[in-house]
Amino acid sequence: MIIKGNVLTNQGPKPVDEIQEGDIVINLGNRPCRVVKVEKGDCTEIIRFQNNPDLLVSRDSSLATRYGMLDGGAAAPHAKEEMLYQCEAPCFFDTLESGTLETPLPGYELTLDSGKGVFVNGYGIGCKEGANA
């Protein structure tokens with residue numbers, strides 16, 4: 001789930017908590033696609049990004065890397081450097097730091113009509129795919 005960050009849409013970056021069904025976002029293939037569902041839940045297990053402090057995702061999120069999708073759980077329990085896939089550049093090294101929040105924060109799971117993820121604050125974050133996902 002995406003907790004904090006701006007999702008790249010066809011109209012520019014938009015805070016994840018403002019994304020709605022029907023919005024057009026840019027998928028990991030740099031193609032526009034439609035959000036078919038937005039699910040909200042509480043998150044306590046999180047991943048922070050050392051070089052991207054305004055991005056926060058749940059530990060069960062998938063992250064797009066140079067070598068494919070990485071299960072966010074692989075970042076636990078120690079900080080881990082990964083080559084993350086970006087929309088502006090092929091890849092960028094960043095350090096993933098897992099943690100636990102004392103107070104849950106809302107997170108958002110997006111389901112797309114095509115594509116396996118979206119760009120949030122420039123990094124590729126996995127999403128569900130398909131109208132029935």
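The coordinates are above.
The structure reproduced in this document is the subject of the present report. (Residues numbered from 1 in each chain as written. Predicted model: local features only at pLDDT ≥ 70, side-chain atom pairs only at ≥ 80, totals over all residues. Heavy atoms only, no water.)

On to the overall build of the protein chain. Secondary structure summary: the protein chain contains zero helices and 13 strands in total. For the protein chain, the succession of helices and strands along the chain, N to C, is β-β-β-β-β-β-β-β-β-β-β-β-β. Taken over the C-alpha trace, the protein chain has a radius of gyration of 13 Å; the compact-globule value for 133 residues is 14 Å, and the two agree within 12%. Oriented by its inertia axes, the alpha-carbon framework of the protein chain measures out at about 35 × 35 × 25 Å. Looking at the protein chain as a whole, 46% of its 133 residues qualify as buried. (Helix = DSSP H or I, 4+ residues; strand = E, 2+ residues; numbered from the N terminus. Rg over C-alpha atoms; globule rule 2.2 N^0.38 Å. Buried < 20%, exposed > 50% of the residue type's maximum accessible area, 1.4 Å probe, protein only.)

Turning our eyes to something else, we now look at the nonpolar core. Grouped together as the largest cluster of nonpolar side chains are 23 residues, with contacts concentrated most on Val 7, Val 25, Phe 49, Leu 63, Leu 110, Leu 112 and Val 118. Of all the secondary structure elements, the ones that give two or more residues to this core are β5 (32-49), β10 (91-112), β11 (117-120) and β12 (123-126). Beyond its immediate chain neighbours, meaning those up to four positions away, Val 25 contacts Val 7, Leu 8, Thr 9, Ile 19, Arg 31, Pro 32, Cys 33, Val 35, Leu 112 and Val 118. Ile 3, Cys 43, Ile 46 and Leu 101 belong to the second largest nonpolar core, which has six residues in total. (Core = buried A, V, L, I, M, F, W, Y, C linked by side-chain atoms within 4.5 Å. Contact = heavy atoms within 4.5 Å.)

Scanning the model with the defined rule gives five salt bridges in all. Of the charged contacts in the structure, one is a salt bridge between Glu 129 and Lys 116, with a shortest N-O distance of 3.3 Å. Residue Glu 129 is found in strand β13 (residues 128-129), and its partner Lys 116 is found in the loop between β10 and β11; the two are separated by 13 residues along the sequence. (Salt bridge = Lys/Arg side-chain N within 4 Å of Asp/Glu carboxyl O.)

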